[in-house]
2 protein chains.
Amino acid sequence: MSTLTVQLGERSYPIHIGRGLLHRAGEFLKERGIAQKSPLLIVSDEHTASFYLATLESNLQKSGYKTESFVVKPGETSKSLAVFEQVITAAIQGGLDRHSAVIALGGGVVGDLAGFVAASYMRGVKFVQIPTTILAHDSSVGGKVGINHPLAKNMIGAFHQPELVLYDVDTLSTLPPREVSAGLAEMIKHGLIWDANFAYWCRDHAADLLALDAAALEYGLEKGCSVKAEVVSRDERENDLRAILNLGHTIGHAIEAIAGYGEFLHGEAISIGMVGSALLGVKLGADPALVEVTRDMLSSLRLPTSLPAHLDTDRLLEAMMHDKKFKEGSITFVVPRSIGRVEVVKDIPVSDIRQVIEQLKEEA
Amino acid sequence: MSTLTVQLGERSYPIHIGRGLLHRAGEFLKERGIAQKSPLLIVSDEHTASFYLATLESNLQKSGYKTESFVVKPGETSKSLAVFEQVITAAIQGGLDRHSAVIALGGGVVGDLAGFVAASYMRGVKFVQIPTTILAHDSSVGGKVGINHPLAKNMIGAFHQPELVLYDVDTLSTLPPREVSAGLAEMIKHGLIWDANFAYWCRDHAADLLALDAAALEYGLEKGCSVKAEVVSRDERENDLRAILNLGHTIGHAIEAIAGYGEFLHGEAISIGMVGSALLGVKLGADPALVEVTRDMLSSLRLPTSLPAHLDTDRLLEAMMHDKKFKEGSITFVVPRSIGRVEVVKDIPVSDIRQVIEQLKEEA
């Protein structure tokens, strides 16, 4: 097992990564001082719950915890105010008090939803993340939690740090191959923004990662979480540095917003977005090879690197304007200068973005 | 104008109390560095908006701010998830960004609702309180914001400190007499828990306060806010000391929960609750005169001090069990030892509370 600590003063917390951790959950909760008298609420989705909920409940109960659970439908639609209210109702009916903890067992959707319940139930209770996807290594570090509004994603939320993240790599074995690749997009993103060696390592170990080799996953997740943790430690409330984590996300969110439901997974959309950012980087002076190296890295992880022609350029641009990274009249973009080094550039003209989108389509 | 500062480290903020402040709102916002480029959202209720919204908007616009507004129905029903979603929609449609501020213009309901919008919109934007009731001097200090769940009040919320509180005592002139008294209940509560002289001052100046004399109000609100600010500074997240602010609230919330809508205002319910707490204090050893002095103080402010016989004792007790101050199997109560001095007592037997409720009815 590897353990890393997210350094946030009195809100610091450990991330444990390794095999078999689900069977030791109670032990880790006790270690973090989570009260045994007060009921826990486990939030999960139908898919994840069918594999792992019983194991988690039985381990927690064996350790003396009372558990309640609430299972939502898989997918982004569960990040709604209506489902949020249902989870709060379950918390009240389950008798959760101010000393209780809410546990997210699942991927990013469950983490964001359960985290916002933890942030707002009785004005905030403890929160534990048990991510069961590769993608969630990103969302489980940093304390960003929230739900969607019909007009915009992640519009309602909070910064609420977990007490503990338990990453049991065994739970990744049930991931469909497409979600494995999509999760690896966020993993390699952490290399692309901060650590060139790690980005090349991801490319060179793509076969092991795609085959869910436990040792490769443990290393890759630990590295990915470390980069995220380092950035978050330096800028918890997203004042400046933290923006670099959005590499590929401005274009990626726009793709997600206008494409049909299920056409792109989040990781696939940001993979295309990261190629777009590389194109923009070259436009702003980076070595032209940057685009090919980036494409090659992402392709090795079986990720898409170009935009289907049917996605309308004007609608993509419009979606970007509505994105919350659009501040006070200018488009702000995270732009790579080289592999492992990015910069936040303000006031990028819309015409440049339009060209990048057209280039992303040409290569399809 | 009096100004006091709530000391919370980097989250410290000023409370300005005086006449004519609504006409200087823009000046105070600029002083606190609130961005002029990003639109403001003013949240108010129909009643308050009819008197003061135009004045506030025109002053802010004169100072170079863009303003949006959203007006809700007066009353507790607006503290719902449905209305919360409407306000968020208004914020998105009004183009509020991360540098925007949400302004609460109104009483406690508007403050709690707008504050939770500010706490959760884009994971938190700036918040300004412009309270227009006496009662709101309590809720506008301390950062507790939130909305109700059909099963329990204030169940969904956050701690989100304002940038600034602007208390224009001129806006109190439109308060109905019953709400004046109800507001004074929270004012004298601050004396009863912390400052005996102030409690006696409220009694001795009851006529001035009830007549809305500006000088008396300015002094009383400043004192009330100071006590609240002092307690909150020492315990922002309600770990221990802050609980004393709940004097009268356990019984008060139960009364509000089971009485018909509108039968009791919050201040009226906690007035009865504070007499109940005095009865409990005497039961636990305080001077028996405590009850009469407390009743006399509250009566001088034209507040109720006994419980109508038709409120069922069992239902009141049951409502208390559901209150979130009920922790881990024991009832915790704030109990006065003398005027100006209280203690938080755990594990009070339900039978004692039952007796207190019966006594509160006898005196009706």
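Residues numbered from 1 in each chain as written. Chains lettered and ligands numbered in written order. Predicted model: local features only at pLDDT ≥ 70, side-chain atom pairs only at ≥ 80, totals over all residues. Heavy atoms only, no water.

**A closer look at the relation of the copies chain B and chain A**
Stage number 1. If you rotate chain B by 180° and push it 0.0 Å along the axis, it lands on chain A with an RMSD of 0.0 Å. Those values place the two copies in the arrangement expected of a two-fold rotation axis. Relative to the rotation axis, the closest C-alpha in chain B is found at B:Leu81, a distance of 3.9 Å. (Least-squares fit on C-alpha atoms with pLDDT ≥ 70 in both.)

**Let's talk about the sheet that holds strand β5 (residues 101–106) of chain B**
All names here are of chain B.
Stage number 1. Pairing is mixed across the open sheet formed by seven strands, whose spatial order is β1-β2-β9-β6-β5-β3-β4. The outermost strands of the open sheet, each flanked by one partner alone, are β1 (2–6) and β4 (67–72). Pairs of neighbouring strands in the sheet enclose a mean axial angle of 15°, with direction left out of account.
Stage number 2. Sheet topology note: the strand β3 (residues 40–45)/β5 ladder contains four bridges and is parallel. Looking at β5, one finds that serine 44 is bridged to leucine 105.
Stage number 3. Where helix α2 (residues 46–62) meets the sheet, it contacts β3, β4, β5 and β6 (126–131), and its direction lies at approximately 160° from that of β3.
Stage number 4. Packing against the sheet, helix α4 (residues 108–120) makes contact with β3, β4, β5 and β6, and its axis sits at approximately 175° to β5. (Pairing = 2+ DSSP bridges. Helix = DSSP H or I, 4+ residues; strand = E, 2+ residues; numbered from the N terminus. Axes fitted to C-alpha atoms, helices over the stretch in contact; angles between N-to-C directions. Contact = heavy atoms within 4.5 Å.)

**Some thoughts on the domain arrangement of chain A**
Residue and element names in this part refer to chain A.
Stage number 1. Domain parsing of chain A yields domain 1 (2–173) and domain 2 (177–362).
Stage number 2. Taking only C-alpha atoms into account, the centre of domain 1 sits 26 Å from that of domain 2.
Stage number 3. The interface is formed by 29 residues belonging to domain 1 together with 30 residues belonging to domain 2.
Stage number 4. The three residues of domain 1 that bury the most area against domain 2 are Ile134, His137 and Phe159, which together make up 23% of that side's buried surface.
Stage number 5. Summed over the shared surface of domain 1 and domain 2, the result is four salt bridges.
Stage number 6. A salt bridge links lysine 189 to aspartate 138; the nearest nitrogen and oxygen atoms lie 3.7 Å apart.
Stage number 7. Across the domain 1-domain 2 interface, the total number found is ten residue pairs in polar contact (both at pLDDT 80 or more).
Stage number 8. Sorting the residues of the side of domain 1 that touches domain 2 by element identifies β1 (2–6), β2 (13–18), α5 (136–139) and β8 (152–159) as the ones contributing at least two each.
Stage number 9. Residue composition of the side of domain 1 that touches domain 2, by class: twelve nonpolar, eleven polar and six charged. (Domains from an automatic or database assignment. Buried area = accessible area lost by both parts, 1.4 Å probe. Salt bridge = Lys/Arg side-chain N within 4 Å of Asp/Glu carboxyl O. Polar contact = N/O pair within 3.5 Å; in protein donor to acceptor, adjacent residues only side chain to side chain. Nonpolar A, V, L, I, M, F, W, Y, C, P; charged D, E, K, R; others polar.)

**Re the pattern of salt bridges**
Stage number 1. As enumerated under the stated definition, the model contains 40 salt bridges over all chains in all.
Stage number 2. Residue A:Lys228 is joined to A:Asp138 by a salt bridge in which the shortest nitrogen-to-oxygen separation is 3.2 Å. Linking A:Lys228 in helix α9 (residues 214–234) with A:Asp138 in helix α5, this pair joins segments that are 90 residues apart in sequence. Both residues of the pair, A:Lys228 and A:Asp138, count as buried.
Stage number 3. The salt bridge involving B:Glu343 is made with B:Arg337; its shortest N-O contact spans 2.9 Å.
Stage number 4. Among the residues examined, B:Glu343 registers a relative accessible area of 35% and is labelled partly exposed. (Buried < 20%, exposed > 50% of the residue type's maximum accessible area, 1.4 Å probe, protein only.)

**What about the side chain of B:Asn59?**
Stage number 1. Structurally, B:Asn59 is set in helix α2.
Stage number 2. If we ignore the near neighbours within four places in the chain, the residues touching B:Asn59 are B:Leu22, B:His23, B:Arg24, B:Ala25 and B:Gly26.

**Regarding the interface of chain B and chain A**
Stage number 1. The partner chain A presents 34 residues to the 34 residues of chain B that form the contact.
Stage number 2. In total, about 3400 Å² of surface goes out of reach between chain B and chain A, with carbon and sulfur atoms giving 60% of it.
Stage number 3. Linking chain B with chain A are eight residue pairs in polar contact (both at pLDDT 80 or more).
Stage number 4. Secondary-structure elements contributing two or more residues to the side of chain B that touches chain A are α3 (81–93), α4, β7 (144–149) and β8 (152–159) of chain B.
Stage number 5. Class assignment for the residues of the side of chain B that touches chain A results in 15 nonpolar, eight polar and eleven charged.

**Examining the packing of aromatic side chains**
Stage number 1. The final tally for this structure, using the stated rule, is nine aromatic pairs over all chains.
Stage number 2. An angle of 20° between the planes, with centres 5.9 Å apart, marks the rings of A:Phe198 and A:Trp201 as stacked. In this pair, A:Phe198 and A:Trp201 both sit in helix α7 (residues 196–204), three residues apart, roughly one turn of the helix. This pair shows no difference in class: A:Phe198 is buried, exactly as A:Trp201 is.
Stage number 3. Plain terms: the ring middles of B:Trp201 and B:Tyr219 are 4.6 Å apart, the flat faces sit at 50° to each other, and that makes the pair tilted. Separated by 18 residues along the polypeptide, B:Trp201 in helix α7 (residues 196–204) and B:Tyr219 in helix α9 (residues 214–234) bring together distant segments of the chain.
Stage number 4. Judged by its relative accessible area of 17%, B:Trp201 is buried. (Phe/Tyr/Trp six-rings, centres within 6.5 Å; stacked < 30°, edge-to-face > 60°.)

**What to know about the pairing of β1(B)**
Strand residues, when the strand is regular, have side chains that alternate between the two faces of the sheet.
All names here are of chain B.
Stage number 1. With burial as the criterion, only one face of β1 is covered, namely that bearing Ser2, Leu4 and Val6; the residues Thr3 and Thr5 on the opposite face remain uncovered.
Stage number 2. Here β1 pairs with strand β2 (residues 13–18) via five bridges, running antiparallel. Paired with serine 2 across the two strands is isoleucine 17, which belongs to β2.
Stage number 3. Between β1 and β2, which pair antiparallel in sequence order, lie six residues; one of them, glycine 9, sits at a positive phi of approximately 60°.

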